[in-house]
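# Structural characterization, general
Each chain is listed here by its residues.
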Amino acid sequence: MLDFIYVLTAIAFFALMLAYVGACRRLGAGGEHEERTT
Amino acid sequence: MTANGWIQIAFYAVALLLVTKPIGVYLVKVYDGSLHWLGPVERLLYRLGGVDPDEDQHWTRYAASMLIFSLATMLLTYLVLRVQQWLPLNPQHLPNVVDRQAFETAASFTTNTNWQSYSGETTMSYFSQMTQLAFHNFASAAVGVALAIAFTRGIARHSAGRLGNFWVDLVRGTLYVFLPASFLFALLLVQQGAIQNFAHYVTVTTVEGAKQVLAMGPVASQEAIKQLGTNGGGFFNANSAHPFENPTPWTNFWQMFTIFLVPAGLTYAFGRMVKNQKHGWALWAAMFVLFMAGTTTAYWAEARGNPIHRQLGVNTVASTTNPGGNMEGKEVRFGIANSALFATITTDASCGAVNAMHDSFTPIGGLVPLTNILLGEVVFGGVGAGLYGMLVMVVLTVFIAGLMVGRTPEYLGKKIQAREVQMAMLYALVFAAAILVNTAVAASVKAGLAGLNNAGPHGLSEILYAYASTAGNNGSAFAGLTGGSYFYNTTLGLNTLVGRFAMIVPMLALAGFLSEKKAAAESTASFPVTTPLFVILLIGVIVIVGALTFFPALSLGPIVEHFLMQAGRLF
C-alpha cells in the first residue's frame, strides 16, 4: 500500500512540474517586448 | 591556525586556479560537439534511445525531457531497492530497503543530493550501489552540467527559446567528462589503498582481541564519481572519513580538488561561450572570495576550539604532536585545516561528502557549511547547479544595479525585463520556502522533534541543516538528527525533489526568455560585468538574498549557541 502511495507521489510531483513548465511558458508568452525605462 | 595548514590551503587554491582554463576549454569542446573520439558509442546510444541529435529543443521541451528522464530513473531505483534481496551481487544477503528509505534514497540520488538516512554497508547490496546509486551519480551530474550549458546558450544565442538538445548534452557529459575522469580518479584511489572488490565482509581480530567486521565492496569506482559529480553519497556511513574511501592525505587532497574541478572549469567555459572571458573570470573571482571567506572562518573557529575544553584542562594549542583546537569528530590523519577546508568545499559545492562530522564542529565552524548551503551553493557549486545558480544571482544583480543607477537593466546586451526577474525571484523564493517552511513544521510537530538527539539551539540547527541540505541538494548532515522515520524520510525526500526541479524550471524558463532576445551592442549605458565593482556587487547580492533570508533562523541556531558556549553552556 505504501509502495503505491510513494510511487504515485513521485508521478504526481513530476506531473506538477510539467504543469509548472506550462505555467512559466504562459507567464513569459509574448516574446521580446519593450518596456518604458528611465 | 598553523603555517602548515595555510600552506595546504594555498596549494589547493593555486591548483584550482591553474586547472580552471584547461578544464573550461575541454568542456567547451565537449558541448559544442567538436569531440568525436567516442562517436560510435554516442551514435549507438542515440539510436537506442530514438533521439534525433540534431534537434534543437525549445526550453519547454528541454525541461520536459529532463523531467521525464528523472522520473523514469527515480522509479527504477525505487523498484530495485525494494527487491534487492532477490537480485545478484548481494553476498551479505541484505534485505530489501524499506519503503520510506527507498523513496527518500531514490529521490535523493536522482536529484544529486545523496542524503543518506542509512548506512551503506548494512543497507545496500553491491547491485544497488553499482547499478542504481552509482548510475545516478553519473546521470545527475551530467544533467546538472547540461542545464548549466543550456542556460549559457540562452544567454549566448538569439534562438527563439531553443537551448540545445537535452539527450545529447546528457550523453556527451557522461561519455566525455564524467566516465573518463572517474576512471582515472578511481585508479588513483586504488593505488593509494581504496578498496575495489565484490568480496564478503571480513571478520578480523583487533589488537585488543575483539572481533570486528570490515565491510568490503566496489568502493573506489563509486568514490571517484561521488566527488567529481558533487554527489557526496558515501559507500560507507563514515563517508570520506572512512580509510577505505579516503585512505591517505593525498587522496584527501584529490577528493577536495575533484569537487571543484568541473564547477571551476565551467566558469571559464561560460566566459568563452558568451564571448566575454573577463566576465567568466569575474564570476570565478566572486566565487573565490566567498570560498576563502568560508574557509578562513571555519579554520579559525575550529583551530580556536571550545573554551570549555580549555577550562577543563585540555591542551588545545597546536604543536608538533597536537593538532590543537577542536578535534571532536575529526580524523587525526587529516587534522583541523583539512577538515575545515573539506567542510567548506563540500558545502560551497552541492557535494555533501564529509571527512569530518559537521555536527561536532564549534557553533561558528558549523555555521560556515550551513551558510554555504543557504547562500544557494553558488561558490563554484554543484556541477552545473553552481553556475546556473550564480547566473540567476547575476541577473538579480544586474537588475538591482540598473534600478540603483537608473539604467535599463541589461546583461551581456540582453535586456532584463519583468518576466526574467519574475523567474529569478521564483528561483530564490522556492529555495527559501522549501527550507524555512519545512524547518518550522518539523520544529513544531512531535514527529519532527522525536528525531532530535540534541536540545536547544543545536537541535534547531540540526533540523535547519537537514532541510537546507536537502533543498540545496547537498546531502551532508548535522548527524545528530535521526532521519530514519516516516516523517523525515518522506519530507526530506520530497524536499530534495522541490529543491531540484521546482528551481530548475524557472531557471530554464529564464534561459529560454533570454534566448528570445536580440543582444544589443554594448554601450556606455550597459552595466559592466567584468570589473571589481561588479564582483563586489554580486557578492553583496548573494549575501543579502541568501544569508539575510535565513538570518533569523541562524540567529536562533548556531549564533545563539556560540554565545551560550562562551558562557559555559553546551547542548
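What counts and how
Residues numbered from 1 in each chain as written. Chains lettered and ligands numbered in written order. Predicted model: local features only at pLDDT ≥ 70, side-chain atom pairs only at ≥ 80, totals over all residues. Heavy atoms only, no water. Helix = DSSP H or I, 4+ residues; strand = E, 2+ residues; numbered from the N terminus. Rg over C-alpha atoms; globule rule 2.2 N^0.38 Å. Contact = heavy atoms within 4.5 Å. Lys, Arg positive; Asp, Glu negative; His and termini not counted. Charge placed at Lys NZ, Arg CZ, Asp CG, Glu CD. Core = buried A, V, L, I, M, F, W, Y, C linked by side-chain atoms within 4.5 Å. Buried < 20%, exposed > 50% of the residue type's maximum accessible area, 1.4 Å probe, protein only. Expected span 1.5 Å × (residues − 1). Phe/Tyr/Trp six-rings, centres within 6.5 Å; stacked < 30°, edge-to-face > 60°. Salt bridge = Lys/Arg side-chain N within 4 Å of Asp/Glu carboxyl O. pLDDT = per-residue confidence, 0-100. Patch = residues over 30% accessible without salt bridge, like charges linked within 9 Å, V, L, I, M, F, W, Y side chains within 5 Å. Areas by Shrake-Rupley, 256 points an atom, 1.4 Å probe, with all protein chains shown as cover.

## With respect to the overall build of chain B
Counting secondary structure elements, chain B contains 19 helices and six strands. Its C-alpha atoms give chain B a radius of gyration of 23 Å, within 12% of the compact-globule value 25 Å for 571 residues. For chain B, the spread of C-alpha atoms along the principal axes amounts to about 75 × 55 × 45 Å. Sequence separation of 24 or more characterises 79% of the internal contacts of chain B that already satisfy a separation of 6 or more. Charge-centre separation for chain B: the mean point of 29 positive side chains lies 7 Å from the mean point of 25 negative side chains.

## Quick word on the nonpolar core
All names here are of chain B. Within the largest apolar cluster, 168 residues are counted, with the highest numbers of intra-cluster contacts made by Tyr 12, Phe 151, Phe 178, Tyr 411 and Leu 508. In terms of residue count, the dominant contributor to this core is helix α6 (residues 126–156) (14 residues). Discounting residues that sit within four places of it in the chain, Phe 151 has contacts with Tyr 388, Leu 391, Val 392, Met 507, Leu 510, Ala 511 and Leu 514.

## Things to note about α6 of chain B
Its 31 residues place the ends of α6 of chain B 43 Å apart at the C-alpha level, agreeing with the 45 Å of an ideal helix rising 1.5 Å per residue. Burial runs high along α6 of chain B: 26 of the 31 residues are buried.

## Describing the packing of aromatic side chains
Aromatic ring pairs are defined here through the distance separating the ring centres and the angle between the ring planes. Residue and element names in this part refer to chain B. Taken as a whole, this structure holds 37 aromatic pairs over all chains when the rule is applied. Both rings, one in Trp 59 and one in Phe 513, keep their centres 6.1 Å apart while their planes meet at 90 degrees; by these two values the pair is edge-to-face. With a gap of 454 residues between them, Trp 59 in helix α3 (residues 59–82) and Phe 513 in helix α18 (residues 486–515) connect regions that are remote in the sequence. This pair shows no difference in class: Trp 59 is buried, exactly as Phe 513 is.

## Here's the deal with the side chain of Glu 121 of chain B
Residues and elements named next belong to chain B. Structurally, Glu 121 is set in helix α5 (residues 120–123). Despite its burial, Glu 121 pairs with no opposite charge; the closest candidate is Lys 226, at 11 Å N-O. Glu 121 has contacts with Leu 94, Tyr 201, Ala 215, Phe 235, Phe 236 and Asn 237, leaving out every residue within four places of it along the chain.

## A closer look at the confidence of the model for chain B
Detail in the predicted coordinates should be disregarded across regions flagged by low pLDDT. Scored by pLDDT, chain B has a mean of 93; 100% of the residues are at 70 or more. Among the scores for the predicted complex, ipTM is 0.91 and pTM is 0.94.

## Comments concerning a nonpolar patch on the surface
A cluster of nonpolar residues, Met 1, Leu 2, Phe 4, Ile 5 and Leu 8 of chain A together with Tyr 486 of chain B, forms a patch on the protein surface that exposes about 640 Å² of accessible area. With four residues, the single largest contributor to the nonpolar patch is helix α1 (residues 2–27) of chain A. In this fold, Ile 5 of chain A is placed in helix α1. Here Ile 5 of chain A falls in the partly exposed class, since its relative accessible area comes to 37%.

## What to know about the side chain of Thr 73 of chain B
Residues and elements named next belong to chain B. Inspection of the secondary structure assignment puts Thr 73 in helix α3. Judged by its relative accessible area of 11%, Thr 73 is buried. Setting aside residues up to four positions removed in sequence, Thr 73 forms contacts with Thr 110, Phe 135 and His 136.

## Thoughts on the environment of Gly 472 of chain B
Residues and elements named next belong to chain B. The topology assignment puts Gly 472 in the loop between α17 (456–471) and α18. Considering only alpha carbons, one finds Gly 472 and Leu 283, 189 residues apart in sequence, at a separation of 20 Å. Residues contacting Gly 472, with those up to four places away along its chain left out, are Ser 350, Glu 377 and Phe 431.

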